[in-house]
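Each chain is listed here by its residues.
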Amino acid sequence: MLPAVHLERDAERVEEIELLAASAGGRVGLEGVLGDLSRRGRRQPAPGRAVRWAVALGLRDSLTLRWWPQGITTSADRSDEETFEGRQVVLTSSYAKRLRGVGHGSRLTVFDVTDRSRVRYQHVLLVEVVATDGVPVLRPVPIHAGGIVWHGSFVHVAGTARGLFTFKPDDVVRLEEPLYGHRYVLPMRYRYRAVTGDGEQRLRYSFLSLDRTGAEHQLVAGEYGRGDQTTRVIRYAMDPATGLLSTDPAGASRPRSLDISGIEQMQGVVSVEGDLFVTQSLGRRRRGSLWVGRAGAFTEHPHALPQGPEDLCYWPSRNELWCVSEHPLLRYVFAVDRPPSERS
């Protein structure tokens, strides 16, 4: 029997988002962001035995102590066509550390990787809209954003013990006055609240990925853990028609499975045709490991990844695993060839 943990989606924030869009002169959507990719990635080799291709963030973004990259998803997660508006697009997420007592919440970064020799990108701040006397007030979304999944019309962002936060890229607006230095903001549409039954240990949604290779689309989430902390991996069915999590008659999203035998310090898990691929971070000085196998039976590929590897996703037509790394001066978006199955 599966444990008594599940997700419950709250009400859609339609009125608040419409109010924001009206005040900003309309939506620009992801298309507007892709038309204004003002930052340039630096094509260069990245540390790690398995890295096939990598682009470093621009120097300013690579040096900052405020913003720390965490999650990754691509247009290959979004749809079978693997593109958005004819482009190959990568989305990453970052959280902001509090500096001088001020936090900036979390954000997405939009990369156009159609031409891998000329990568451009732009940041989009994640916000919650609160209507105050008919005026939209924007608040940052203060979550770790350890993983993201772009599925259909929605992007789901991991919120650790708080569950998932869901955004619709079509809702992006451009502000006349920047908020925390960001011209582009994306308002939250839904929140999936994490629910835990009596006697169960609360699940931490540390990272996310999408498995499109089985009979149904599934959201795969897992826990970063050290020492006595749990390292569980959980799966939820996804509705390919809507891009949202599937629900039961009571409106709850309940897990398809939950494995308890994860790997300590895992930062991302992706499932491809029954095999699991796991990133493991080992600190600022040591390169990360890539583990391959199934729950309870993994093989380690040491030194395969740059220091600080985070979330993980899969690009089917390229047969590549995509990842992002977090440490200053070691911030890459990179791809590795999918290792062969460990099954005999």
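Everything discussed here concerns the structure shown above.
Here's a quick rundown of the structure. Quick caveat, the model's predicted, so the values are computed rather than measured.

## Here's the deal with the pairing of strand E9 (residues 135-140)
Right, so step 1: Bridge count for strand E8 (residues 120-132) against E9 is six bridges, and the pairing is antiparallel. Directly across from Glu 128, in E9, lies its bridge partner Arg 139.
Right, so step 2: Linking E8 to E9, which pair antiparallel, is a turn of two residues; within it Asp 133 sits at a positive phi near 55 degrees.

## Remarks on the pattern of salt bridges
Right, so step 1: All told, the structure shown has 19 salt bridges when counted by the stated rule.
Right, so step 2: Measuring nitrogen to oxygen at the nearest pair gives 2.4 Å for the salt bridge that ties Glu 12 to Arg 189. Here the residue Glu 12 occupies a position in the loop between strand E1 (5-9) and helix H1 (14-23), and Arg 189 occupies one in strand E14 (residues 182-196), the gap between them amounting to 177 residues.
Right, so step 3: Judged by relative accessible area, which is 36%, Glu 12 ranks as partly exposed.
Right, so step 4: As a salt-bridge pair, Arg 52 and Asp 337 come within 2.8 Å of each other at their nearest N and O atoms. Remark: Asp 337 occurs in strand E26 (residues 332-337) and Arg 52 occurs in strand E4 (residues 51-56); sequence separation between them is 285 residues.
Right, so step 5: By relative accessible area, Arg 52 is classed as exposed at 53%.
Right, so step 6: Accessibility expressed as a relative area gives 39% for Asp 337, which makes it partly exposed.
Right, so step 7: A cluster of three or more residues bridged by salt bridges with shared partners is formed by Glu 12, Glu 18, Arg 27, Asp 171 and Arg 189.

Quick notes on the rules
- Residues numbered from 1 in each chain as written.
- Predicted model: local features only at pLDDT ≥ 70, side-chain atom pairs only at ≥ 80, totals over all residues.
- Heavy atoms only, no water.
- Pairing = 2+ DSSP bridges.
- Helix = DSSP H or I, 4+ residues; strand = E, 2+ residues; numbered from the N terminus.
- Salt bridge = Lys/Arg side-chain N within 4 Å of Asp/Glu carboxyl O.
- Buried < 20%, exposed > 50% of the residue type's maximum accessible area, 1.4 Å probe, protein only.

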